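# Overview (structure and organization)
The residues making up each chain are set out below.
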Amino acid sequence: GIDAREGPTVSGLADQPAAPMAARPPIISRSAWGAAESPIPWPPEYRPPRAIVIHHTATGDGDVDPAAMVRAIYYYHAFEREWGDIGYNYLIDHMGNIYEGRAGGVGVVGGHARGYNYGSIGIALIGDHAENPVPQAALDRLTDFLAWQCTDHFIHPTQQRYFVDRDLPTILAHRDVANTTCPGDHAYGLMNTIRSQ
């Protein structure tokens, strides 16, 4: 048999400070931002999150109420594209507010990175970051949110892993897996900072 009596005791471990856990930032629910029920069904599917994909919405970021912008993106995805729901799992506005996107909760498959949706979380920064810098409040909240998501799903933020068909950063930009400029040059230039923070 194995004798595991030698080693630290509970009383010795109790004196050690616990590793800090990333706090869950507040998230504005679908009902709070006004998600409408879509007549087009998109039944939820689930996969354990293994990667996080960063996007921008390529829309304005501060001229209208951000909740109205989320509703407009929802309408575009759900009705004009006929997906039945918004494709992003979460969205972050220029003030740092986080909005719940795709219905279904943790692990629900979104529609944000064709071919890489299964097993990824899609987070969109509201705004056009090809033209405009990422507001500091949005960047700060994104890194806080990523810390929580990475802790919750055992994703190491600065590592790579095999995902779908190749080795990719665990926090990646949409353009890393698609022929797109998303999340815009300003956001893309911050990817290493986002991962390390």
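Report on the accompanying structure. (Residues numbered from 1 in each chain as written. Predicted model: local features only at pLDDT ≥ 70, side-chain atom pairs only at ≥ 80, totals over all residues. Heavy atoms only, no water.)

### Quick word on the pattern of salt bridges
Charged atoms that come close allow side chains of opposite charge to pair. On inspection of all chains with the given rule, the structure shows 4 salt bridges. Notably, a salt bridge pairs Arg 30 with Asp 85, separated by 3.0 Å at the nearest N-O pair. One end of the pair, Arg 30, is in helix α2 (residues 30-33); the other, Asp 85, is in the loop between α3 (66-80) and β3 (90-92), and 55 residues separate them in sequence. Of the residues examined, Arg 30 reaches a relative accessible area of 14% and is grouped as buried. Asp 85 sits in the buried class, given a relative accessible area of 3%. (Salt bridge = Lys/Arg side-chain N within 4 Å of Asp/Glu carboxyl O. Helix = DSSP H or I, 4+ residues; strand = E, 2+ residues; numbered from the N terminus. Buried < 20%, exposed > 50% of the residue type's maximum accessible area, 1.4 Å probe, protein only.)

### Description of the sheet that holds strand β1 (residues 27-28)
Two modes of strand pairing occur in sheets, parallel and antiparallel, and in both the strands are linked by backbone hydrogen bonds. Spatial strand order, β1-β4-β3-β5-β2-β8: 6 strands in an open sheet with mixed pairing. At either margin of the open sheet sits one strand with a lone partner, and together these are β1 and β8 (171-173). Summarising the sheet, strand β2 (residues 51-56) and strand β5 (residues 120-125) pair through 6 bridges and their orientation is parallel. When the bridges of β5 are listed, Ala 51 appears paired with Ser 120. (Pairing = 2+ DSSP bridges.)

### A closer look at the packing of aromatic side chains
According to the stated counting rule, one finds 7 aromatic pairs in the structure shown. Seen in terms of ring centroids, Tyr 90 and Phe 145 are 4.8 Å apart; in terms of plane orientation they differ by 75°. Their pairing is edge-to-face. On the criterion of sequence distance, the pair formed by Tyr 90 in strand β3 and Phe 145 in helix α4 (residues 136-153) is long-range, its members being 55 residues apart. With respect to class, Tyr 90 is no different from Phe 145; both count as buried. (Phe/Tyr/Trp six-rings, centres within 6.5 Å; stacked < 30°, edge-to-face > 60°.)

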